[in-house]
Amino acid sequence: MKTIFIVEDETGIRDALQLLLSFENYDVRSFATVDAFNNRDQSVVPDVFILDVRLPDGSGTDLCNQIKEDEATSQIPVMIISAHAKAENVINACNADEFISKPFDIDDVLVKIEKLTA
């Protein structure tokens with residue numbers, strides 16, 4: 001079973017993604033803040049990170065850079081989701097592998113996750 005880590009502060013979006021991805025047989029772990037993410041169990045390594053850009057205590061693009069600079073996680077795909085940022089701005093700000101704008105189509109998200117984990 002593949003594991004996905006989600007960092008999203010909006011409870012409704014986080015819960016919906018967690019539920020829908022769980023139905024697709026992913027092990028989903030979600031975090032509402034950068035701090036909660038940074039205090040996670042480091043022994044669990046996901047297959048994909050899904051990060052919101054605007055978080056209450058930081059930025060998803062900064063978190064993406066942190067993930068990509070860490071030798072242990074640098075090869076793991078990162079998907080950025082945002083209602084406010086533009087794809088080219090996000091791609092210039094961090095080395096994300098995929099960008100999804102909110103509101104998003106869950107089928108589109110699933111297709112992109114499948115490509116990233118193939």
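Below, the structure is looked at part by part. Quantities reported herein were computed from a predicted structural model and do not represent experimental measurements. (Residues numbered from 1 in each chain as written. Predicted model: local features only at pLDDT ≥ 70, side-chain atom pairs only at ≥ 80, totals over all residues. Heavy atoms only, no water.)

### Description of the environment of Thr 117
Within the secondary structure, Thr 117 sits in helix α5 (residues 106-117). On the basis of relative accessible area, Thr 117 is assigned to the buried category, the value being 13%. Dropping the residues within four chain positions of it, Thr 117 is found in contact with Lys 2, Tyr 26, Asp 47 and Val 48. (Helix = DSSP H or I, 4+ residues; strand = E, 2+ residues; numbered from the N terminus. Buried < 20%, exposed > 50% of the residue type's maximum accessible area, 1.4 Å probe, protein only. Contact = heavy atoms within 4.5 Å.)

### Overview of the sheet that holds strand β3 (residues 48-52)
Spatially, β2-β1-β3-β6-β7 is the arrangement adopted by the 5 strands of the open sheet, whose pairing is parallel. Both outer strands of the open sheet, β2 (27-31) and β7 (98-101), are each paired with one neighbouring strand and no more. Across the sheet, the axes of successive neighbouring strands diverge by a mean angle of 20°, strand direction being ignored. Inspection of the sheet shows strand β1 (residues 3-7) paired to β2 by 5 bridges, in the parallel sense. Looking at β2, one finds that Thr 3 is bridged to Asp 27. In this fold helix α3 (residues 60-69) packs onto β1, β3 and β6 (78-82), with an angle of close to 155° to the strand it touches most, β3. (Pairing = 2+ DSSP bridges. Axes fitted to C-alpha atoms, helices over the stretch in contact; angles between N-to-C directions.)

### Observations regarding the packing of aromatic side chains
Evaluation of the coordinates by the stated rule reveals 5 aromatic pairs. Between the aromatic rings of Phe 5 and Phe 37, the centroid separation amounts to 6.5 Å while the plane-to-plane angle is 80°, which identifies the pairing as edge-to-face. Pair noted here: Phe 5 is in strand β1 and Phe 37 is in helix α2 (residues 34-38), with a separation of 32 residues, a long-range link. Seen from their ring centres, Phe 37 and Phe 49 are 5.8 Å apart, and the 75° between their planes marks the pair as edge-to-face. Placement of Phe 37 in helix α2 and of Phe 49 in strand β3 is noted, with a sequence separation of 12 residues between them. For Phe 49, a relative accessible area of 0% puts it in the buried group. A connected cluster of aromatic rings, assembled from ring pairs, spans Phe 5, Phe 31, Phe 37 and Phe 49. One Lys or Arg, Arg 40, reaches over the ring of Phe 37 and ends 3.9 Å from the middle of that ring. (Phe/Tyr/Trp six-rings, centres within 6.5 Å; stacked < 30°, edge-to-face > 60°. Lys NZ or Arg CZ within 6 Å of the ring centre and 35° of its normal.)

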